Amino acid sequence: MPSTKVGLSRDDLIMRGGVVLLAALLLVIVGLPLWALLAKGFEDRDGKFVGLANYVSYFSTPALFNSALNSLHVAAVSTVIVVPLAFLYAYALTRTVLPMRWLFQGIALIPIFAPSLLPGLALIYLFGTQGFFKALLGGGSIYGFDGIVIAQVFYCFPHATLILVTALATADARLYEAADALGASKLRVFFTVTLPGAKYGLISAALVVFTLVITDFGIAKVIGGNFNVLATDVYKQVIGQQNFSMGAVVGMVLLAPAALAFVVDRLVQRKQVALLTARAVPLVPKPKPGRDFVFTLICTLVSIGILAILGMAIWGSLIKYWPYNLSLTLDNYDFAKFDANGWDSYWNSVEMAVGAALFGTALMFTGAWLTEKTRGFHVVRGVVQLLAFLPMAVPGLVLGLGYIFFFNAPGNPLGFLYATMGILVVNTVAHFYTVGHLTATTALKQIDPEFESVSASLKVPIWRTFSRVTAPICLPSILDIAIYLFVNAMTTVSSVIFLYSPDTKLASVAAVNIEEAGTTAAAAALCVVIVLTSAAVKIVHLLADRFLLDRLQAWRRR
Amino acid sequence: MTYLEVRSLSKRYGDFTALGDITLDIAEGEFVCFLGPSGCGKTTLLRAIAGLDPQSSGTIRQKGRDVSALPPAKRDFGIVFQSYALFPNLTVADNVGYGLVSRREKRAAIAARVVELLAMVGLPDAGPKYPAQLSGGQQQRVALARALATSPGLLLLDEPLSALDARVRLRLRHEIKALQRRLGVTTIMVTHDQEEALTMADRIVVMNHGAIEQVGTPQEIYRRPASAFVADFVGSMNFLQGTLMAPDKVQVAGVDLACPGQDGLTLGQKVNLCIRPEDVRVRDLPQGTANRLTVEVTELDFVGAFCRATLKARATTDVAMTADFSSNLIRDLGVERGTQLDVALPPDRLRVFAA
């Protein structure tokens, strides 16, 4: 029988054109840089193909190979500490009655708004060579393994907590009522209902923390001392020794555990079925004095820890000459005294963050819409999906290194982007593409799939429905993506450290440079400015969400 | 006049055949229901006609024009979904006028048409409201007005009433049917609710496993089901196992029963003899009435307007059938559990299907 080949409408042609453009763009900003990195690992310093020679020399140099073991060790220990701690905190937030719950929730998020070197700097003030509590360490030093782990716990805590809050929040009260009615003990209920329900969240949180620690650069740079890890090795090979080939090899080694964790996470998530059906009754915790007191205490202690680290960084940034002259001053905020760029690097960061938020949000949302709503065309849509997921598995340092090799290659027509603000924006958008894409896709899947069918039957062009209906409905998610991009662009160090030029240096990078030059106070001051900026943007977002959107979106009201 | 011609339409997903060789004609102005259990292919057929999920093979002609390979935007239809698919961020008036705006009509003309459409569906004051402020039934009417705004030649309704309360559903049935009759628009409605199909349709297409079981008026489908599936799916039906003894005689549990003449079946074949519960007669049984039996009432379930009785023939104990008795009959004859009755199975109400 002859099979029917359905003709394409103008809508179909435009959407397919869009999908092809998107695939090409993602190929340029994600695929080809990674390919360039992969290829570089097989070349010698002069660009001649040398096969596996670089890899052989990597694995036979104990100094290099040890860093890989160090990285795994630090990541494993940090994960083992963070995940149970975050679980307790998330459990307190979702399953107990906390006084001032919103405050505890907010404090847990603080580290997200800071560049990762902030906890490192705070630890130097507290336990460093001239630290307040140095005596507590006995003869030990905070520089190295211990310092990295403590700082990582601070830095990764909110990421794990967010995942576990989501996992624990989706509970069906009926299961607990059934367990109660059957006379199960509290402990038995915890092990047979609570824990299995949060199982996938726990696995996901562990993998995310593990990846964050392994790929983070700022903490190890500031407080690692002579304890080398993969991320600092990449930096040393590329910036210190200008050995790009070996840098590429270390980058590939860094990519392996991150990619593996990503694949495992996807496989695990696929097994997860929706625990919360439409008929589930949400669980609302009832007051229970003893339990609530214990969890309030736990949350208070954790919050004090977070606030102490942040407070130490702020205080340190305001002090004249640590630890000899503790009088307060704003001198450390006069960045021109410490770095040639002065405050310019801060404004560069803001410019870059705004650019990434605008350009990235438009690209991610439109891209997700094209991938979701284009009829047929499965192969190209599949390519887009793959390229959109790839950045999640790629550490920022690795992507940044790929950008050097790809955009700086002689003969690349896109070479004009190199060392401009443009490449920083593009790199940041690419680095954080996956989360934005997923957020947009989730939002799009929640709206009625028949909107496009209705528009087609009414002969209304599909882009009109996109701008008049789809995008306005998804406005809250679009704002979420924009804020996510802004905050990450403000705080990221790893992906941009290879890509800035003297004119486009970013605040987070300047902080690394200033700290390297030995001025901890000014580096802390710069970190504080970053925290204040990204936190302020987040607060404005929350207020806008609450008051402005409510007015703009009157249609949501019943 | 034939408005829609479906010829040898098939839809396959890999090895699975969702629609197998469907051929169907729909006349202009007709109200047709696709009726069947879930997974029977009725929605697939509707979406193929709309071009939303194109067929694997076969042709569709609408008003003489071959639309088989056209994308939805180039076909002529309005559609209403079970979910309504109203745009939540637009007012009711903007929803209804959505398809009119892109035709570059004058703003005043669009506004006038929207008012007319809203009045037509009985919601003259709903224009400035948002969909979330309306009840389900009102939302469905807005969806209907939006689908009719551009005066399409074909109206497609995909389970439009199944998300509504029973009462609202009953009222909307009549309103939709009356509106369709007034506008004369050719309409196809997909439903799994046989009562809905029987009350609304001019013709019903009963589907099962991706194939058409029977096409006919509601009376034909109900009175003369063409297959055991249709007999079972539409309305209640007793299935009595028996053997075909003569072209017009079936033996059930040793009792010979007269039935309409059969020619598609072979003698001696196992068959099912079918009768609807309301066709079992109790009163006015003169001497010589065909298929007269003495039975015992073994169960009597009160259903409200009538009672459903389970009857067993005295001669045997394992053949049972149900019969619907009116309240009057129950009272007049004093029927209760254990009562013995004479009943008749009128031959012209019996259907015979191969077992």
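Described in the following lines is the structure provided in the data block. Along each chain, residues carry numbers from 1 onward, in the same order as the chain's sequence is written. Numbering of ligands from 1 and lettering of chains from A proceed in the order in which they are written. Owing to the predicted nature of the model, reporting of local features is limited to residues with pLDDT of at least 70; listing and counting of side-chain atom pairs is limited to 80 or more, with chain, interface and lining totals taken over all residues. Excluding hydrogens and water, the side-chain values take into account all heavy atoms of the structure.

**Side note on the overall build of chain B**
Line of reasoning, step 1. Of the regular secondary structure elements, chain B holds 10 helices and 19 strands.
Line of reasoning, step 2. Principal-axis analysis of the C-alpha atoms gives chain B an extent of 80 × 45 × 35 Å.
Line of reasoning, step 3. Buried positions account for 50% of the 355 residues belonging to chain B.
Line of reasoning, step 4. Values of accessible area rely on a 1.4 Å probe in the Shrake-Rupley scheme; residue burial ignores everything except the protein chains shown. When the accessible surface of chain B is summed, it comes to about 15700 Å², and 48% of that surface belongs to carbon and sulfur atoms.
Line of reasoning, step 5. In this charge count, Lys and Arg are treated as positive and Asp and Glu as negative; neither His nor the chain ends contribute. The atoms used to mark charge sites are NZ of Lys, CZ of Arg, CG of Asp and CD of Glu. The distance from the centre of the 41 positive side-chain charges to the centre of the 39 negative ones in chain B is 6 Å. A run of H or I in DSSP becomes a helix once it reaches four residues, and a run of E becomes a strand once it reaches two; helices and strands are each numbered from the N terminus. Only protein chains enter the accessibility calculation, which uses a 1.4 Å probe; a residue whose area is less than 20% of its type maximum is buried, one above 50% is exposed, and one in between is partly exposed.

**Digging into the overall build of chain A**
Line of reasoning, step 1. Within chain A one finds 22 helices and 2 strands.
Line of reasoning, step 2. Radius of gyration (C-alpha) of chain A: 25 Å, near the 24 Å computed for a compact globule of 558 residues.
Line of reasoning, step 3. Overall, chain A is about 80 × 70 × 45 Å in size when its C-alpha atoms are taken along their principal axes.
Line of reasoning, step 4. The buried share among the 558 residues of chain A stands at 54%.
Line of reasoning, step 5. The contact rule is simple, with two residues in contact once any of their heavy atoms fall within 4.5 Å. In chain A, once contacts between residues fewer than 6 apart in sequence are set aside, the share between residues at least 24 apart is 80%.
Line of reasoning, step 6. Carbon together with sulfur atoms contributes 68% to the accessible area of chain A, which is approximately 24700 Å² in total. Our radius of gyration looks at C-alpha atoms and nothing else; its globule reference is 2.2 Å times the residue count to the power 0.38.

**Here's the deal with the pairing of strand E13 (residues 255-258) of chain B**
Line of reasoning, step 1. DSSP-based pairing: two strands are paired if at least 2 bridges between them are found. Bridge count for strand E12 (residues 249-252) of chain B against E13(B) is 4 bridges, and the pairing is antiparallel. Along E13(B), the bridge assignment pairs B:Val250 with B:Leu257.

**Things to note about the interface of chain B and chain A**
Frequently, the measure chosen for interface size is the accessible area removed from exposure when the parts meet.
Line of reasoning, step 1. Each partner contributes to the interface: chain B provides 40 residues, whereas chain A provides 33 residues.
Line of reasoning, step 2. The salt bridge criterion pairs a side-chain nitrogen of Lys or Arg with a carboxyl oxygen of Asp or Glu, the two atoms within 4 Å. Counting across the chain B and chain A interface gives 2 salt bridges.
Line of reasoning, step 3. We note a salt bridge from A:Glu450 to B:Arg47, for which the minimum N-O separation is 3.1 Å.
Line of reasoning, step 4. Polar contacts, as used here, are pairs of N or O atoms within 3.5 Å; protein pairs need one atom able to donate a hydrogen and one able to accept it. Residues neighboring in sequence count only if both atoms are side-chain atoms. Joining chain B to chain A, the criterion identifies 5 residue pairs in polar contact (both at pLDDT 80 or more).
Line of reasoning, step 5. Examining the composition of the side of chain B that touches chain A, we find that 3 residues originate from one element, helix H3 (residues 98-101) of chain B, more than from any other.
Line of reasoning, step 6. For the side of chain B that touches chain A, the class distribution of residues is 19 nonpolar, 14 polar and 7 charged. Note on residue classes: Ala, Val, Leu, Ile, Met, Phe, Trp, Tyr, Cys and Pro are nonpolar, Asp, Glu, Lys and Arg are charged, and everything else, Gly too, is polar.

**Quick notes on the pattern of salt bridges**
Residue and element names in this part refer to chain A.
Line of reasoning, step 1. All told, the structure shown has 26 salt bridges over all chains when counted by the stated rule.
Line of reasoning, step 2. As a salt-bridge pair, Lys 505 and Asp 339 come within 2.8 Å of each other at their nearest N and O atoms. With Lys 505 in the loop between helix H20 (475-491) and helix H21 (507-516) and Asp 339 in the loop between strand E2 (325-328) and helix H13 (344-373), the pair connects residues that are 166 residues apart, well separated along the chain. Note on accessibility: Lys 505 and Asp 339 belong to one class, buried.
Line of reasoning, step 3. Between Glu 372 and Lys 445 there is a salt bridge; the shortest N-O distance is 3.2 Å. Of the two residues, Glu 372 sits in helix H13 while Lys 445 sits in helix H17 (residues 433-446), which places them 73 residues apart along the sequence.

**Re the packing of helix H10 (residues 230-240) of chain A against helix H15 (residues 396-407) of chain A**
Residues and elements named next belong to chain A.
Line of reasoning, step 1. Note on method: axes are straight lines fitted to C-alpha atoms, helices fitted across the in-contact stretch only, with angles between N-to-C directions ranging 0 to 180 degrees. Taken N-terminus to C-terminus, the directions of H10 and H15 make an angle of 20°; their axes are 10 Å apart at the nearest point. In terms of orientation, H10 and H15 fall into the roughly parallel class. Relative to H15, the crossing made by H10 is left-handed. Contacts between H10 and H15 involve Ala 231, Val 234 and Val 238 on the former and, on the latter, Leu 397, Leu 401 and Ile 404. Here the angle decides the label: under 35 degrees means roughly parallel, over 145 means roughly antiparallel, 65 to 115 means roughly perpendicular, and every other value means oblique. Note: crossing handedness is left-handed where the near helix turns anticlockwise from the far helix by less than a right angle, and right-handed where it turns clockwise.

**Brief notes about unusual backbone geometry**
Excluding glycine, a negative phi dihedral is what most residues carry, and trans is how most peptide bonds are arranged.
Line of reasoning, step 1. Non-glycine residue A:Met100 carries a positive phi angle of around 50°.
Line of reasoning, step 2. Within the secondary structure, A:Met100 sits in the loop between helix H3 (62-95) and helix H4 (101-109).
Line of reasoning, step 3. A positive phi angle is found at B:Asp284, which is not glycine, with a value near 50°.
Line of reasoning, step 4. If you trace the backbone, B:Asp284 turns up in the loop between strand E14 (270-275) and strand E15 (292-302).
Line of reasoning, step 5. The exposure class of B:Asp284 is exposed, given its relative accessible area of 63%.

**Regarding helix H16 (residues 421-431) of chain A**
Residue and element names in this part refer to chain A.
Line of reasoning, step 1. Of all 11 residues making up H16, 10 are buried, and the element is well covered by its neighbours.
Line of reasoning, step 2. Within the sequence span of H16, burial applies to Met 421, Ile 423, Leu 424, Val 425, Val 426, Asn 427, Thr 428, Val 429, Ala 430 and His 431.
Line of reasoning, step 3. In the core, the buried residues of H16 are packed alongside helix H1 (10-40), H13, helix H14 (378-393), H15, H17 and H20.
Line of reasoning, step 4. Backbone nitrogen of Gly 422 and a side-chain oxygen of the N-cap are separated by 3.2 Å at the start of H16; the cap is Thr 420.

**Notes on the state of the cysteines**
Residues and elements named next belong to chain A.
Line of reasoning, step 1. Note on terminology: disulfide denotes any pair of cysteine sulfur atoms within 2.5 Å. With the rule as written, the count across this model stands at 0 disulfides over all chains.
Line of reasoning, step 2. Cysteine Cys 299 is unpaired, with the sulfur of Cys 156 as its nearest cysteine sulfur at 19 Å.
Line of reasoning, step 3. In this structure Cys 527 is a free cysteine whose sulfur lies 16 Å from that of Cys 156, the closest cysteine sulfur available.
Line of reasoning, step 4. For Cys 527, a relative accessible area of 1% puts it in the buried group.

**Focus on the packing of helix H5 (residues 117-127) of chain A against helix H12 (residues 289-317) of chain A**
All names here are of chain A.
Line of reasoning, step 1. Contact geometry of H5 with H12 gives a least axis separation of 8 Å together with a crossing angle of 75°. By the angle between their axes, H5 is roughly perpendicular relative to H12. Taking contact as the criterion, the partners of Leu 118, Pro 119, Ala 122, Tyr 125 and Leu 126 in H5 are, on H12, Ile 309, Leu 310, Met 312, Ala 313, Gly 316 and Ser 317.

**Here we look at the sheet that holds E12(B)**
Residues and elements named next belong to chain B.
Line of reasoning, step 1. The strand order across the open sheet formed by 5 strands is E13-E12-E11-E14-E19, and the pairing between neighbours is antiparallel. In the strand order of this sheet, the two ends are held by E13 and strand E19 (351-354), each with one partner. Strand-to-strand twist of the sheet, defined as the mean angle between neighbouring strand axes without regard to direction, takes the value 45°.
Line of reasoning, step 2. Strand direction decides the pairing type here: strand E11 (residues 238-246) and E14, joined by 6 bridges, are antiparallel. Paired with Phe 239 across the strands is Cys 274, a residue of E14.

**Thoughts on the packing of aromatic side chains**
Line of reasoning, step 1. Geometry of aromatic contacts follows a simple scheme: Phe, Tyr and Trp rings, the Trp one being its six-membered ring, pair when their centres are within 6.5 Å, and the pair is stacked under 30 degrees between planes, edge-to-face over 60, tilted otherwise. Per the stated rule, a full pass over the model turns up 28 aromatic pairs over all chains.
Line of reasoning, step 2. Taking 5.5 Å as the distance between ring centres and 35° as the angle between the ring planes, the aromatic pair formed by A:Phe42 and A:Tyr55 counts as tilted. With A:Phe42 in the loop between H1 and helix H2 (53-59) and A:Tyr55 in helix H2, this residue pair connects regions lying 13 residues apart in the sequence.
Line of reasoning, step 3. Judged by relative accessible area, which is 22%, A:Phe42 ranks as partly exposed.
Line of reasoning, step 4. For A:Tyr55, a relative accessible area of 15% corresponds to the buried category.
Line of reasoning, step 5. A centroid spacing of 4.5 Å and a plane angle of 50° characterise the contact between B:Phe87 and B:Tyr98, whose relative ring orientation is tilted. Placement of the pair is B:Phe87 in the loop between strand E6 (78-80) and helix H2 (92-96) and B:Tyr98 in helix H3, with a sequence separation of 11 residues. In terms of burial, B:Phe87 and B:Tyr98 fall into one category: buried.
Line of reasoning, step 6. Every member of this aromatic cluster is reached through a ring pair, and the members are A:Phe87, A:Tyr91, A:Phe190, A:Phe191 and A:Phe295.
Line of reasoning, step 7. To sit over a ring, a charge needs its Lys NZ or Arg CZ within 6 Å of the ring centre and within 35 degrees of the ring normal. Over the face of the ring belonging to B:Phe77 we find A:Lys459, whose NZ or CZ atom lies 5.9 Å from the ring centre.

Nothing here speaks to function; it is geometry throughout.
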